[in-house]
Amino acid sequence: MVSCLVLFSESAIGDNMGRIISTRVVGNTEIVVPANNVGGNASVFNGLLVNVLDSSSTASAVFTILDELEPGMPVEGTFNASANTFASAEPGFFKTFNIKVGDQLVFTDTSSNDGTLTITAIDSAYTTLTFASITGNDTEPATIQVLRPVASFTFNFATDYSKNDATEAWNYTNGILCRNGLTIQSTSWTNVEAYVLHS
């Protein structure tokens, strides 16, 4: 028996059912938006289906759906490895984009900090962001993209079925708008596959 977690929107039922796209993923990834999507890069998250690949083995993961905000923003600033911070050269730069603790920044074009970092603190001036870890002490231009969590689902599967009430769940919503596309991340991809339902 293969247990699953099913989360989808009411729009998947009835007249709109044919408009929902299912994309299989087996690792943290950006979901490709259809070229003819009416909202440009906008995408609607309609739900998530998670399967256990081998029902003789356990599986446990937390899946997070993130809205892709403000892609490709140029910013000049300073990385500080001892404080684990990035400070914009422009005071209050991050307030313009309503950045919050828990958001993720995808850095590119840096000397040593390309990658995804989760914000753990923001100074009151919205100039300096703190992360769990920073490499190097560089003052340089960078490009950032903001990823904001919009949904999170916990999945557990035990081979003795002691957690059976957590292996299948239904969650109804009218859809969550992701303004510049969506990303799925998981704390673990061991023994699971996911199908992201989007439109």
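Residues numbered from 1 in each chain as written. Predicted model: local features only at pLDDT ≥ 70, side-chain atom pairs only at ≥ 80, totals over all residues. Heavy atoms only, no water.

Let's talk about unusual backbone geometry
Phase 1: Even without being glycine, D109 reaches a positive phi, approximately 65°.
Phase 2: By the secondary structure assignment, D109 is in the loop between β7 (104-108) and β8 (115-122).
Phase 3: Positive phi, close to 55°, is recorded for Y126, a residue that is not glycine. (Helix = DSSP H or I, 4+ residues; strand = E, 2+ residues; numbered from the N terminus.)

Describing the pairing of β7
Phase 1: Summarising the sheet, β7 and β8 pair through 4 bridges and their orientation is antiparallel. Each residue of the ladder has a partner; that of V106, found in β8, is T116.
Phase 2: Between β7 and β8, which follow one another and run antiparallel, lie 6 residues, and D109 among them has a positive phi close to 65°.
Phase 3: Note: β7 against strand β10 (residues 139-157), 5 bridges, orientation antiparallel. Bridge pairing in β10 links T108 to T143. (Pairing = 2+ DSSP bridges.)

A closer look at the pattern of salt bridges
Phase 1: Per the counting criterion, the structure on display carries 3 salt bridges.
Phase 2: In this structure, D67 and R179 form a salt bridge, with 3.3 Å as the shortest nitrogen-oxygen distance. Of this pair, D67 sits in strand β5 (residues 59-80) while R179 sits in the loop between β11 (176-178) and β12 (182-186); the two residues are 112 residues apart in sequence, bridging distant segments of the chain. (Salt bridge = Lys/Arg side-chain N within 4 Å of Asp/Glu carboxyl O.)

Here we look at the packing of aromatic side chains
Phase 1: The full count for this structure, using the stated rule, is 9 aromatic pairs.
Phase 2: Ring plane angle 80° and centroid distance 5.4 Å describe the contact between F63 and W189, whose orientation is recorded as edge-to-face. Here W189 lies in the loop between β12 and β13 (192-198) and F63 lies in strand β5, a separation of 126 residues in the sequence. Neither residue differs from the other here; F63 and W189 are each classed as buried.
Phase 3: Among the aromatic side chains, those forming a connected cluster through ring pairs are F79, F86, F93, F94, F97, F107 and F131. (Phe/Tyr/Trp six-rings, centres within 6.5 Å; stacked < 30°, edge-to-face > 60°. Buried < 20%, exposed > 50% of the residue type's maximum accessible area, 1.4 Å probe, protein only.)

A word on the nonpolar core
Phase 1: Judged by nonpolar contacts, the single largest core of 21 residues is most densely connected at F45, L48, F63, F155, I184, A194 and V196.
Phase 2: Where this core is concerned, the elements lending two or more residues are β4 (43-52), β5, β10, β12 and β13.
Phase 3: In this structure, I184 is in contact with V25, N28, T29, I31, L48, F63, T64, I65, W189, A194 and V196, ignoring residues within four places of it in sequence.
Phase 4: If you look at the next biggest cluster of nonpolar residues, it comprises 18 residues, including F79, F93, F107 and A142. (Core = buried A, V, L, I, M, F, W, Y, C linked by side-chain atoms within 4.5 Å. Contact = heavy atoms within 4.5 Å.)

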